[in-house]
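# Structural features, examined
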Amino acid sequence: MKTLMVQGTGSGVGKTTLVAALCRLFRRRGLRVAPFKAQNMSNNAHVCRDGGEIGRSTALHALACGIEPTVEMNPVLLKPATDVDAQVILMGRPVRAMSAVEYQREKPRLLGVIRECLDTLRRSYDLVILEGAGSPAEVNLREGDLVNMAAAELADAPVLLAGDIDVGGVFAQLVGTLHLLLPKERERVKGFLINKFRGDLSILKPGLDFLERETSRPVLGVVPWYRGIHLPEEDALSGRERKNGGERLRIDVLLQPRMANFTDFDALEAEPDVELRYRETPDGTTPDAYVLPGTKSTIADLRRLKEAGWAEPLRNALSLGGTVVGLCGGYQMLGRHVADPEGVESATRGEDGLGLLPVTTTFSAGKVTARVRGVHLDTGAEIEGYEIHMGRTVSDGEPALRISERGGVSCADFDGARAFGGRAWGTYVHGLFDRPGFRRAFLNRLRAARGWRPLETSAAWDPDRELDRLADHVGAHVDLDRITSL
């Protein structure tokens, strides 16, 4: 069974993007390819067909491979709840919140699970491409490592080490990382990938020659900066903001310290008539719509939101004819009260909500994860997405969605709540805006409030097409034949 691994000199160097490209490139060569990331830390999760959670980046890699994502591809997912603990998801299901010290004690058991998952994938596919996390040179984390060299050893995988030239110091990144590895780990590194290059390659050439002489390892690719390729970010906002003139709807997303599943907004950001902004504090202006995103820590983020002064602008927006939407944790915040009597997510046992929706939420130990289909009741547009939340919400008002399928089973349920004539609404369903029909129906309601004519179609943002563009770009700048020979 063949394996390949991409590790990086640090977070944000582009490991996830490079792995996505390699998955698609090897798939084009006729191989059955599968991704693998032993451990991920992110509040951006994807719900698999069986209801299990994995990191969104691994789901993107599965799409690049043309296969259905499964929990074996990302057996351990850590979802930070505070600065000192995280919810541990094992094989797609929540275990409990653990501190770093508690998690260290669990690692020997987790290593066995990781080995079993890797073996399952290796039996089923021609090639498994592994992604590391952060840097393998964090010497304080070497003992108990699950995701970098420990995973490479389990897979007997050659390692490509990626560095980010855009931030500067790429030669120190690569040489220094190699120097800090143990001799047996160093032997696994077979070559380098330099990512996010801007400029004239001839000027870089002396540095590449030095790197190869210094390390006795080849540079297998220098990948220029990706321009115009729009793929979901793994665990950080892209920082992009559309600042277009003309007929543009402004949608403000309220930033939360423990914001989760911000990929909900990628499709909106791609729309030509949308200016999407992320805001920590009010700026004295009123957008066409506010969106409260999901969060891994509802009560703490609700308190911060109120302390930042958001309660009055949200209510004022509704009085001025604007729209306020809450997704998952944001939906909980828009209600009357959030209770956590068992301390499932917070040391605080309860907090009054913003009072814009007629709902109350109570946290309990069970977690809901499921793919869903249904209809948005105000527009009649079909929706699909996924639920992934703690807590149960009770409403004494009108629902926002009618659910026709949950977890692959037909049903006749309702979800969410609406008020203020449907201009305030919330739901537990993530991924709503990915569906073009609903996205355009939502935006056209905002356009109507402005007195603008509706648009007939949405932007054709297609992650699968973007992956093809990414593979074309990366494939033109890496030596895939030499990588294959590894």
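Right above here is the structure, for reference.
A few points on the structure. On a predicted model such as this, the values are computed, not experimentally measured, just so you know. (Residues numbered from 1 in each chain as written. Predicted model: local features only at pLDDT ≥ 70, side-chain atom pairs only at ≥ 80, totals over all residues. Heavy atoms only, no water.)

### Observations concerning the overall build of the protein
When helices and strands are counted, the protein shows 14 helices and 27 strands. Taking 2.2 N^0.38 as the reference for a compact globule, 486 residues should give roughly 23 Å; the C-alpha atoms of the protein span a radius of gyration of 23 Å, in line with that estimate. Judged by the C-alpha coordinates and their principal axes, the protein covers about 70 × 50 × 40 Å. In the protein, buried positions account for 56% of the 486 residues. Restricting the contact set of the protein to residue pairs at least 6 apart, pairs at least 24 apart contribute 73%. As presented, the protein carries roughly 19,700 Å² of accessible surface, and 50% of it is formed by carbon and sulfur atoms. Counting 63 positive and 66 negative side-chain charges, the protein places the centres of these two groups 2 Å from one another. (Helix = DSSP H or I, 4+ residues; strand = E, 2+ residues; numbered from the N terminus. Rg over C-alpha atoms; globule rule 2.2 N^0.38 Å. Buried < 20%, exposed > 50% of the residue type's maximum accessible area, 1.4 Å probe, protein only. Contact = heavy atoms within 4.5 Å. Areas by Shrake-Rupley, 256 points an atom, 1.4 Å probe, with all protein chains shown as cover. Lys, Arg positive; Asp, Glu negative; His and termini not counted. Charge placed at Lys NZ, Arg CZ, Asp CG, Glu CD.)

### A few points about the packing of helix H1 (residues 15–28) against helix H13 (residues 463–475)
Packed helices, taken two at a time, are described by the angle their axes make and the gap between the axes. Across the interface, H1 lies against H13 with an axial gap of 8 Å and an inter-helix angle of 90°. Between H1 and H13, the interaxial angle falls into the category roughly perpendicular. Facing H1, whose interface residues are Thr17, Leu18, Ala20, Ala21, Arg24, Leu25 and Arg28, H13 presents Asp464, Leu467, Asp468, Leu470, Ala471, Asp472, Val474 and Gly475. Of the residues assigned to the contact of H1 with H13, the class counts are eight nonpolar, two polar and five charged. (Axes fitted to C-alpha atoms, helices over the stretch in contact; angles between N-to-C directions. Parallel < 35°, antiparallel > 145°, perpendicular 65-115°, else oblique. Nonpolar A, V, L, I, M, F, W, Y, C, P; charged D, E, K, R; others polar.)

### Some points on empty space enclosed by the protein
Under the defined criterion, the tally for this structure stands at two cavities of 30 Å³ or more. What lines the largest cavity is a set of 17 residues, and nearest its centre among them are Thr295, Lys296, Cys328, Ile388 and His389. Of all the elements in the fold, those that place two or more residues in the lining of the largest cavity are strand S17 (294–295), helix H11 (329–333), strand S21 (359–376) and strand S22 (382–395). When residues in the lining of the largest cavity are grouped by element, the largest group, three residues, is from S22. Its residues assigned to classes, the lining of the largest cavity shows five nonpolar, eight polar and four charged. (1 Å grid on protein atoms, 1.4 Å probe; cavity = no way out; pocket = protein on both sides within 12 Å on 5 of 7 lines; lining within 4 Å. Points joined across faces, edges and corners; volume = space filled by probe spheres on them.)

### Observations concerning the layout of surface pockets
Leftover empty space is mapped by rolling, across the atoms, a probe with the size of a water molecule. Approximately 1,100 Å³ is the volume attributed to the second largest pocket. If you list the elements that add at least two residues to the lining of the second largest pocket, you get strand S4 (45–47), helix H2 (56–65), S21, S22 and H13. Grouping the constituent residues of the lining of the second largest pocket by class yields 14 nonpolar, 11 polar and 14 charged.

### With respect to the sheet that holds strand S6 (residues 76–80)
Reading across from one edge, S3-S6-S7-S8 is the order of the four strands in this open sheet, with mixed pairing throughout. In this open sheet, the two edge strands, each paired with only one partner strand, are strand S3 (39–41) and strand S8 (93–99). Each adjacent strand pair in this sheet contributes to an overall mean axis angle of 25°, direction not counted. Strand contacts of helix H3 (residues 100–124): S3, S6, strand S7 (85–90) and S8, with the helix running at about 145° to S8, the strand carrying the most contacts. (Pairing = 2+ DSSP bridges.)

### Let's talk about the pattern of salt bridges
Applying the stated rule across the entire model yields 40 salt bridges. Of the charged contacts, one joins aspartate 481 and arginine 29 as a salt bridge, the two residues approaching to 2.9 Å between their closest N and O atoms. Here arginine 29 lies in the loop between H1 and strand S2 (33–36) and aspartate 481 lies in helix H14 (residues 480–485), a separation of 452 residues in the sequence. For arginine 29, a relative accessible area of 43% translates into the label partly exposed. Among the salt bridges present, the one from arginine 336 reaches aspartate 396, with a minimum N-O distance of 2.9 Å. Of this pair, arginine 336 sits in the loop between H11 and strand S19 (337–339) while aspartate 396 sits in the loop between S22 and strand S23 (401–406); the two residues are 60 residues apart in sequence, bridging distant segments of the chain. Classification of arginine 336 as partly exposed rests on a relative accessible area of 41%. It is possible to trace a salt-bridge network through shared partners that takes in Glu247, Glu271, Asp273, Arg439, Arg440 and Arg447. (Salt bridge = Lys/Arg side-chain N within 4 Å of Asp/Glu carboxyl O.)

### Re the side chain of glutamate 387
Inspection of the secondary structure puts glutamate 387 in strand S22. The class of glutamate 387 is buried, set by a relative accessible area of 3%.

### Structural notes on the nonpolar core
If you look at the biggest cluster of nonpolar residues, it comprises 45 residues, and the most contacted ones within it are Phe36, Tyr103, Leu130, Val189, Phe192 and Ile194. Setting aside anything within four residues of it in sequence, one finds valine 189 in contact with Met149, Val159, Leu161, Leu178, Leu181 and Arg217. Ranked by size, the runner-up nonpolar core spans 32 residues in total, among them Ala64, Leu467, Val474 and Val478. (Core = buried A, V, L, I, M, F, W, Y, C linked by side-chain atoms within 4.5 Å.)

### A short note on the pairing of strand S9 (residues 127–131)
Burial runs high along S9: five of the five residues are buried. Residues Leu127, Ile129 and Glu131 of S9 are buried on one face, and the alternating residues Val128 and Leu130, pointing to the opposite face, are buried as well. Sheet analysis places S2 next to S9, joined by four bridges and oriented parallel. Bridging from a neighbouring strand, valine 33 pairs with leucine 127 of S9.

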